[in-house]
Amino acid sequence: MLHCFDIGGSMIKGGVARSPRDMTPTRRVATPLHDFDAFAAAIGDIVAAHGGEPDAAAAIAIAGGVDPATHRIACANIPCIAGRDLAGDLGSVLRRRVSVFNDADCFTMAEASLGAGRGHRIVFGAILGTGVGGGIVIDGRLLVGAGGFAGEWGHGPVAATTAGTPPTAIPRFPCGCGQSGCVDTVGGARGLERLHRHLHGEALASPAIIEAWRTGGGKAARTVDCFVDLVASPLALAVNLVGASIVPLGGGLAHVPALVDALDAAVRARILRWTSAPLVVQGQCRIEPGLIGAGLLGIAESAA
């Protein structure tokens, strides 16, 4: 048995994995952001509530990169764990082996193994949630790069400075990673909101923008047009670089089928390989894919 967790800035979601195809969600609690002892206790409470083998390992999916050399995590949205050897520190508190994985990597592994990526050699998982993330699975194995980063197409000063039809100027917005002009600043829910505010001087939450777009709102249509243009080009570049034959999409914006379809058409028009088959598709895992991916990666690590 393996305890698995999908940890975000709002919630800690727990689950239990008994095999790659036997995973059950258990409990969820609010994430303590500024107190590591409270953070560790919240995870410990979920473990204790379920019981099972007293020394069962734990696997965690979390936003941020884990450096393979130092085991320290870069995590902006949970300050109390930033810079820690999270696996080691939690392992000491919980008295069990703990493994920590990037949440986008976990999403990609889940989709490659049990979701939209089944049967594909190279899977590029893309996240359009609060921000932008990604992961790469090749021949069933997760690609882990230097510093723990691979597939992070959301960062780097690569966002276009014009977008839409007709083109309009887009600033290089500052990014939380310290750079400017990252795809993360114009992709994802916060990026959609930032674009709408820039284009129209109007502050709207992303669900309101999407709803207005669905019902034919002119301002929202212009925002989504620019959004798709800005996101599709770097995503197409990522597909060209890794040779992915499928791009499962996760995060809140992946739940908007019309937006997924628009991105799919725009990306396929920009890649080198011609294909009439869908490329950018909704993720298919209905149990939390972070939990599934953490379970899969944790089981594989235990068996290694």
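Residues numbered from 1 in each chain as written. Predicted model: local features only at pLDDT ≥ 70, side-chain atom pairs only at ≥ 80, totals over all residues. Heavy atoms only, no water.

Engineer: Explain the sheet that holds strand 2 (residues 11-19) here, please?
Structural biologist: The strands that make up a sheet pair up through hydrogen bonds in the backbone, lying either parallel or antiparallel. In space, the five strands of this open sheet follow the order 3-2-1-4-7, with mixed pairing throughout. The open sheet has two edge strands with one neighbour each: strand 3 (22-30) and strand 7 (98-102). When the angles between neighbouring strand axes are averaged without regard to direction, this sheet yields 20°. Note: strand 1 (residues 2-7) against strand 2, six bridges, orientation antiparallel. Counterpart to cysteine 4 in the pairing with strand 2 is glycine 15. Each of strand 4 (58-62) and strand 7 is contacted by helix 2 (residues 86-94), which is oriented at about 145° to strand 7, the strand it contacts most. Where helix 8 (residues 289-303) meets the sheet, its contacts fall on strand 1, strand 2, strand 3, strand 4 and strand 7, and the angle it forms with strand 1 comes to roughly 140°. (Pairing = 2+ DSSP bridges. Helix = DSSP H or I, 4+ residues; strand = E, 2+ residues; numbered from the N terminus. Axes fitted to C-alpha atoms, helices over the stretch in contact; angles between N-to-C directions. Contact = heavy atoms within 4.5 Å.)

Engineer: Please explain the nonpolar core as it appears in this structure.
Structural biologist: Side chains that are nonpolar tend, in soluble globular proteins, to be buried together. Membership of the largest hydrophobic core comes to 44 residues, with the highest contact counts inside it found for Phe124, Trp153 and Leu259. Listing elements by their share of this core, those giving two or more residues are strand 8 (122-128), strand 9 (132-138), helix 4 (188-200), helix 5 (206-214), helix 6 (218-242), strand 13 (247-250) and helix 7 (257-268). A per-element tally of this core places helix 6 first, with 12 residues. Setting aside anything within four residues of it in sequence, one finds phenylalanine 124 in contact with Gly135, Ile136, Gly151, Trp153, Leu235, Ala238, Val242, Ala244, Ile246, Val247 and Pro248. Judged by nonpolar contacts, the second largest core, of 24 residues, contains Cys106, Met109, Ala110 and Val137. (Core = buried A, V, L, I, M, F, W, Y, C linked by side-chain atoms within 4.5 Å. Buried < 20%, exposed > 50% of the residue type's maximum accessible area, 1.4 Å probe, protein only.)

Engineer: Help me understand the pairing of strand 13 in this model?
Structural biologist: Here is the key point about a regular strand: its side chains alternate between the two faces of the sheet. Of the two faces of strand 13, the one lined by Val247 and Leu249 and the one lined by Pro248 and Gly250 are each fully buried. In this structure, strand 8 lies alongside strand 13, joined through two bridges in parallel fashion. Bridge pairing in strand 13 links alanine 126 to leucine 249. Bridge analysis of strand 13 against strand 14 (residues 280-282) gives three bridges, and the strand direction is parallel. Paired with proline 248 across the strands is valine 281, a residue of strand 14. Each parallel crossover has a hand, and for strand 13 linked through helix 7 to strand 14 it is right-handed. (Right-handed = clockwise from strand over helix to strand, strands pointing away.)

Engineer: It is not clear to me how the pairing of strand 7 should be interpreted in this structure. Could you clarify?
Structural biologist: In terms of burial, strand 7 is largely enclosed, as five of its five residues are buried. Every second residue of strand 7 is oriented toward a common face, with Val98, Val100 and Asn102 on one face and Ser99 and Phe101 on the other, all of them buried. Pairing analysis gives five bridges linking strand 4 to strand 7, with the strands arranged parallel. Across the sheet, residue isoleucine 62 finds its bridge partner in strand 7, namely asparagine 102.

Engineer: Could you clarify how one ought to interpret the sheet that holds strand 10 (residues 141-142) in this entry?
Structural biologist: Sheet architecture is open: five strands sit in the order 10-9-8-13-14, paired in mixed fashion. In the strand order of this sheet, the two ends are held by strand 10 and strand 14, each with one partner. Bridge count for strand 8 against strand 9 is seven bridges, and the pairing is antiparallel. Considered in strand 9, the bridge of alanine 126 is made with glycine 134. Running over the sheet, helix 6 touches strand 8, strand 9, strand 13 and strand 14 and is turned about 160° from strand 8.

Engineer: I tried to follow the packing of helix 1 (residues 36-50) against helix 2 on my own but got confused; where do I start?
Structural biologist: A pair of packed helices is captured by two measures, namely the crossing angle of their axes and the spacing between those axes. Put simply, helix 1 and helix 2 touch, their axes get as near as 10 Å, and they point 65° apart. Considering how the two elements wind past one another, helix 1 and helix 2 form a crossing that is right-handed. Within the contact between the two elements, helix 1 uses Phe36, Phe39, Ala40, Ile43 and Gly44 and helix 2 uses Leu86, Asp89, Leu90, Val93 and Leu94. Looking at side-chain class alone, the contact of helix 1 with helix 2 contains eight nonpolar, one polar and one charged residues. (Left-handed = near helix turned anticlockwise from the far one by under 90°. Nonpolar A, V, L, I, M, F, W, Y, C, P; charged D, E, K, R; others polar.)

Engineer: Even after reading the chapter, I still don't get the packing of aromatic side chains, so can you show me in this structure?
Structural biologist: Aromatic ring pairs are reported here in terms of the distance separating the ring centres and the angle at which the planes meet. Counting across every chain of the model gives one aromatic pair. The ring of phenylalanine 36 carries arginine 84 above its face, with NZ or CZ at 3.8 Å from the centroid. The positively charged end of arginine 194 is found above the aromatic ring belonging to phenylalanine 173, 5.8 Å away from the centroid. (Phe/Tyr/Trp six-rings, centres within 6.5 Å; stacked < 30°, edge-to-face > 60°. Lys NZ or Arg CZ within 6 Å of the ring centre and 35° of its normal.)

Engineer: Explain the environment of alanine 48 to me, please; I cannot follow it from the model alone.
Structural biologist: By secondary structure assignment, the location of alanine 48 is in helix 1. Taking the relative accessible area as the measure of exposure, alanine 48 reaches 60% and is therefore exposed. Sequence separation between alanine 48 and alanine 262 is 214 residues, and the spatial gap between their C-alpha atoms is 45 Å.

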